[in-house]
Amino acid sequence: MAEITDPFVRFQNVQKSYDGETLVVKNLQLDIAKGEFLTLLGPSGSGKTTCLMMLAGFESPTHGEIMLDGHPIHNVPPHKRGIGMVFQNYALFPHMTVTENVGYPLKVRGIGRNEMARRVDRALTMVELGHLGGRRPAQLSGGQQQRVALARALVFEPALVLLDEPLGALDKNLREQMQYELKHIHATLGVTMVYVTHDQTEALTMSDRIAVFDDGIIQQLDEPSTLYEEPSNAFVAQFIGENNRLLGTVESVDGTDCIVQTDNGDPIRALNVRTTGPGGRTLMSLRPERISINPNPGSMPNILPAEVLEVIYVGDHIRSRMSVCGRDDFIVKVPNWAGHVHLRRGEKVEIGWFASDCRALDA
Amino acid sequence: MATAQSALPSGAASGGPSGGPTDGVLRTNDGVPLKTTLRRVNRRQKIIAFGLVLPLFLFILITFLAPIGMMLFRAVDNPVLQEQIPRTVALLNETWDGEGLPDDAVYDTLAEEMIQQYKVREIAKVGTRLNYEQGGLRSLITSTARTIARRAEPPWKEAFIKIDERWGEPETWGIIQNAAPRYTLSFVLAALDLRYDWQGDIVSQPENEQIYVKMFVRTIWISGLVTVLCLALGFPVGYLLANLPMRQSNLLMILVLLPFWTSLLVRTTTWIVLLQTEGVLNDIMVWVGLISDDGRVQMIYNQLGTIIAMTHILLPFMVLPIFSVMKTISPSHMRAARSLGATPPRAFWDVYVPQTLPGIGAGSILVFILSVGYYITPALVGGRTGQLISNFIAYHMQKSLNWGLAAALGGLLLLGVLVLYWLYNRLVGIDKMKFG
């Protein structure tokens, strides 16, 4: 992870507790660069929303300091922070029209009528809602409300925009479309965006960097590809994308690789990422799409017998549950390309994978 | 279902699943027009729904709408003279042009009918009715009837004038003529401090008899004041109720509802105990030396007492609708406003308060309408200056027995409330109102 010099937002030793007994956020260190799209990803209760609320000023850290553009913002109330925010349920004001909603941040800033109309118009055009200015939020669809909320958070040209699970209420197609639009808007305006979500696909699609939260701690902070390909611990491996888990004991370490004895005795060559050395327990994580069916003997270091227990036709790929190494929950994804292997239930096959795709992590 | 009602273009119908006649009518599979089937299905639902509300509808009709309608009808109903002295009235209308005195025949007929009614002891009704128009006419009628029935002799005209010289004045006959029609506006006029003079023109009541307009104004003023006070006191309570943690808000809710479970009379008399000159509050103020023992404050049996007691009693009607609306306002709205740059007071005023308007509207209209018709509390604690129009309605119902005037006052009150309701609907919209 590259060191960020001159961070735009800096969380310094931030701790947060609501009841004085448990820490929701434990000693958070996080630097966010100017113009970055950073996603806080994690299951509910992992502390990611609390971090966002502390940044917005609706919660104050129990300990530590948050710096915005080099200045501590501990004593700056939310309305003076100049941070745009999109809320989970959009929080559009139901008694105002779309134009009034989007114009509200300009109105409280005392900006003149003509200037206000011009900027509202520009913001609404940006989210392609220029023609709906006279409507009330209740007359808009979910996707349109989402765009209005976005326009409202952007119209006063904040340098930082916070988004709290903004796409959570949309259906799948709309959500995907909005992901791209958000990404485009981010690229066009160059604002810093901090995005909170529990949807890993969303995080992977949009972010420059992703901070994976669990239990009040950032488990890993990396670019999407690194996060997916090289999860640094078992939680991240499990949370980002789908993974097969194999438990075993490290037998020996061989350069970057290690030899692991699975619990039913099969030896496996895996990438030594985070093990405690020979004799230690490890959890190996293996992406279902990195597994080959019936590979040529010797072409891969790991080739094991497997029995097909279930075959599910998903469309773009075929998903198969297999019994491997004594585990019945081993998932293999076969891409649906012309000439792929047609698996049948009960069939005995061989599966194989490269050592570099199988990451031995902490157990 | 809704789409089936809208007629599709005939082209679409012919391609439809019916396969029947292609006359542009959508049909079900067995050839019945879709609209007919739909109506049949809906009719059954309508009958069931109507059957469910029928008992309540009948109950309301019999116990509420019908009595109110009959009572209001009395505001214009004027049967007395037509029933008691019909021939006199008819003859008077036929022969008298309002100039000078009526013909002898009118006096003769009146005497005949008076004797007749005197014998069946009904003549007092005529006197009472005429007394509404002009004080003193009751005794004129009864004493005249008594005299002519016992000892006076025709010719009646001279006899009448001899009994009382008012029979020789056109005014008396003018009043009888004005009070004669089967339906009259004179009760409604009286409720507005107006009356017919003997020539049939509408004039103001004498100044010392003008009370009802003043009472209407006072009623509306006190109701408005009570509404404003309830709003000022109830809004913060509603806000607390909606925003406190569950445990505290439940306790507060019980405190708000407690008065509801206590009898109105108990609550009103409690205020008497508290506020009277020898009462708790005055005692305390004397004790702490705020006022001297001679300077005890009169806080009840006047307008102040009415206002205090009514505000207290009507407060829950304001708190509950406001609370129920506030409960639905998402806290994220305030946060959003603040993140957009509004100071907390500004965010509250711009974003929170407008969203509470349906509750404020509902609470205000509820409290105002209840206040306008309030009776028991003003009667108990209002003294002389705290009486409202409903106390006068009750007086005319129970004491003076001038039901026509009571009905006219009540009708005007009802009309006023309906006008307010209409205004509210125009300005705010009834559909925006939320009671909970």
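Residues numbered from 1 in each chain as written. Chains lettered and ligands numbered in written order. Predicted model: local features only at pLDDT ≥ 70, side-chain atom pairs only at ≥ 80, totals over all residues. Heavy atoms only, no water.

### Points about the overall build of chain A
Moving on, step 1. Each helix and strand in chain A was counted, giving 9 helices and 20 strands.
Moving on, step 2. Each of the three principal axes of chain A carries a C-alpha extent, and together these read 75 × 45 × 35 Å.
Moving on, step 3. Pairs at least 24 apart in sequence give 66% of the contacts found in chain A among residues at least 6 apart.
Moving on, step 4. For chain A, the computed accessible surface area is about 16200 Å², with 49% contributed by carbon and sulfur atoms.
Moving on, step 5. Positive and negative side-chain charges of chain A, numbering 35 and 44 respectively, have mean locations separated by a distance of 7 Å. (Helix = DSSP H or I, 4+ residues; strand = E, 2+ residues; numbered from the N terminus. Contact = heavy atoms within 4.5 Å. Areas by Shrake-Rupley, 256 points an atom, 1.4 Å probe, with all protein chains shown as cover. Lys, Arg positive; Asp, Glu negative; His and termini not counted. Charge placed at Lys NZ, Arg CZ, Asp CG, Glu CD.)

### Focus on the overall build of chain B
Moving on, step 1. When you go through chain B residue by residue, the secondary structure sums to 21 helices and 2 strands.
Moving on, step 2. Its C-alpha radius of gyration of 32 Å places chain B more than 25% over the 22 Å reference for a compact globule of 436 residues.
Moving on, step 3. Considering only C-alpha atoms, chain B reaches an extent of 95 × 95 × 40 Å along its principal axes.
Moving on, step 4. Sorting the 436 residues of chain B into buried and exposed places 39% on the buried side. (Rg over C-alpha atoms; globule rule 2.2 N^0.38 Å. Buried < 20%, exposed > 50% of the residue type's maximum accessible area, 1.4 Å probe, protein only.)

### Overview of the UniProt feature "domain: ABC transmembrane type-1" (unreviewed entry) in chain B
Moving on, step 1. Per the UniProt record, "domain: ABC transmembrane type-1" (unreviewed entry) is annotated on residues 216-424 of chain B.
Moving on, step 2. In residues 216-424 of chain B, the share of helix is 78% and the share of strand is 0%. The end C-alpha atoms are 20 Å apart. (UniProt positions renumbered as here; feature names shortened; annotations may be inferred.)

### Quick look at the packing of aromatic side chains
Moving on, step 1. What the rule picks out here adds up to 17 aromatic pairs over all chains.
Moving on, step 2. An angle of 55° between the planes, with centres 5.5 Å apart, marks the rings of Trp167 of chain B and Trp173 of chain B as tilted. Here Trp167 of chain B and Trp173 of chain B have matching classes, each one buried.
Moving on, step 3. A ring pair is formed by Phe235 of chain B and Phe348 of chain B, whose centres lie 6.3 Å apart and whose planes are at 90°; its orientation type is edge-to-face. Linking Phe235 of chain B in helix H12 (residues 212-243) with Phe348 of chain B in helix H18 (residues 344-372), this pair joins segments that are 113 residues apart in sequence.
Moving on, step 4. In this structure an aromatic cluster arises from ring pairing among Tyr107, Phe160, Trp167 and Trp173 of chain B.
Moving on, step 5. Just above the ring of Tyr228 of chain A sits the side chain of Arg287 of chain A; from NZ or CZ to the centre is 3.8 Å.
Moving on, step 6. A cation over a ring is seen here: Arg182 of chain B above Tyr183 of chain B, with NZ or CZ 5.2 Å from the ring centre. (Phe/Tyr/Trp six-rings, centres within 6.5 Å; stacked < 30°, edge-to-face > 60°. Lys NZ or Arg CZ within 6 Å of the ring centre and 35° of its normal.)

### Some remarks on the UniProt feature "transmembrane region" (unreviewed entry) in chain B
Residues and elements named next belong to chain B.
Moving on, step 1. Taking the UniProt record as the reference, the feature "transmembrane region" (unreviewed entry) is found at residues 47-73, 220-242, 249-266, 304-326, 360-381 and 401-424.
Moving on, step 2. Between the C-alpha atoms that bound residues 220-242 the distance is 31 Å, and the span itself is 100% helix and 0% strand.
Moving on, step 3. The distance from the first to the last C-alpha atom of residues 304-326 is 31 Å, and the span holds 100% helix and 0% strand.

### Structural notes on the domain arrangement of chain A
All names here are of chain A.
Moving on, step 1. Per the domain assignment, the segments of chain A are domain 1 (9-234) and domain 2 (242-293 + 301-362).
Moving on, step 2. The centre of domain 1, based on its C-alpha atoms, is set 38 Å off from the matching centre of domain 2.
Moving on, step 3. At the junction of the two partners, domain 1 supplies 8 residues and domain 2 supplies 9 residues.
Moving on, step 4. For the domain 1 and domain 2 pair, buried surface summed over both sides reaches about 780 Å², with 38% attributable to carbon and sulfur atoms. (Domains from an automatic or database assignment. Buried area = accessible area lost by both parts, 1.4 Å probe.)

### Let's talk about unusual backbone geometry
Moving on, step 1. Put simply, Pro154 of chain B and Pro155 of chain B share a cis peptide bond, and its omega is 0°.
Moving on, step 2. Examined against the element boundaries, Pro155 of chain B turns out to sit in the loop between helix H8 (137-150) and helix H9 (156-163).
Moving on, step 3. Phi at Asn13 of chain A takes a positive value of approximately 50°, unusual for a residue other than glycine.
Moving on, step 4. Mapped onto the elements of the fold, Asn13 of chain A is located in strand S1 (residues 9-16).
Moving on, step 5. Positive phi, normally seen in glycine, also occurs at Asp215 of chain A, with a value near 55°.
Moving on, step 6. Relative to the helices and strands, Asp215 of chain A is located in the loop between strand S9 (209-214) and strand S10 (217-222).

### Concerning the pattern of salt bridges
Residue and element names in this part refer to chain A.
Moving on, step 1. Evaluation of the coordinates by the stated rule reveals 35 salt bridges over all chains.
Moving on, step 2. Between Glu165 and Lys48 there is a salt bridge, with the nearest N and O atoms lying 3.8 Å from each other. Within this pair, whereas Glu165 is found in the loop between strand S7 (160-164) and helix H6 (172-189), its partner Lys48 is found in helix H1 (residues 48-56), the two being separated by 117 residues in sequence.
Moving on, step 3. Under the relative-accessibility criterion, Glu165 is labelled buried at 9%. (Salt bridge = Lys/Arg side-chain N within 4 Å of Asp/Glu carboxyl O.)

### Notes on the sheet that holds strand S12 (residues 257-262) of chain A
All names here are of chain A.
Moving on, step 1. Read once around its circumference, the closed barrel built from 5 strands follows the order S11-S12-S13-S20-S14, with strand pairing classed as mixed. If you compare each strand with its neighbour and ignore which way they point, the axes differ by 55° on average.
Moving on, step 2. Relative to strand S20 (residues 358-362), strand S14 (residues 281-286) is paired through 5 bridges, and the arrangement is antiparallel. Counted as the bridge partner of Leu283 is Leu361 from S20. (Pairing = 2+ DSSP bridges. Axes fitted to C-alpha atoms, helices over the stretch in contact; angles between N-to-C directions.)

### Digging into the UniProt feature "domain: ABC transporter" (unreviewed entry) in chain A
Moving on, step 1. The UniProt record annotates "domain: ABC transporter" (unreviewed entry) at residues 9-240 of chain A.
Moving on, step 2. Secondary structure across residues 9-240 of chain A divides into 38% helix and 24% strand, with the first and last C-alpha atoms of the span separated by 25 Å.

### Some thoughts on a positive patch on the surface
Moving on, step 1. Among the surface-exposed residues, Lys35, Arg39, Arg40, Arg43 and Lys46 of chain B lie close enough to one another that they form a single positively charged patch.
Moving on, step 2. Overall, Lys46 of chain B belongs to the exposed group, its relative accessible area being 61%. (Patch = residues over 30% accessible without salt bridge, like charges linked within 9 Å, V, L, I, M, F, W, Y side chains within 5 Å.)

### A short note on the pairing of strand S18 (residues 327-335) of chain A
All names here are of chain A.
Moving on, step 1. Bridging between strand S17 (residues 317-324) and S18 involves 7 bridges; their strand directions are antiparallel. Bridged to His317 within S18 is Pro335.
Moving on, step 2. Following S17, the chain reverses through 2 residues before pairing antiparallel with S18; Cys325 in that reversal takes a positive phi of roughly 50°.

### Some thoughts on the state of the cysteines
Disulfide: a covalent bond connecting the sulfur atoms of a pair of cysteines.
Residue and element names in this part refer to chain A.
Moving on, step 1. Counted by the stated rule, this structure contains 0 disulfides over all chains.
Moving on, step 2. Note on Cys258: no disulfide assigned, nearest cysteine sulfur contributed by Cys358 at a separation of 8.2 Å.
Moving on, step 3. Residue class for Cys258 comes out buried when judged on its relative accessible area of 0%.
Moving on, step 4. With no disulfide of its own, Cys325 lies 9.4 Å from the sulfur of Cys358, the closest cysteine sulfur. (Disulfide = S-S within 2.5 Å.)

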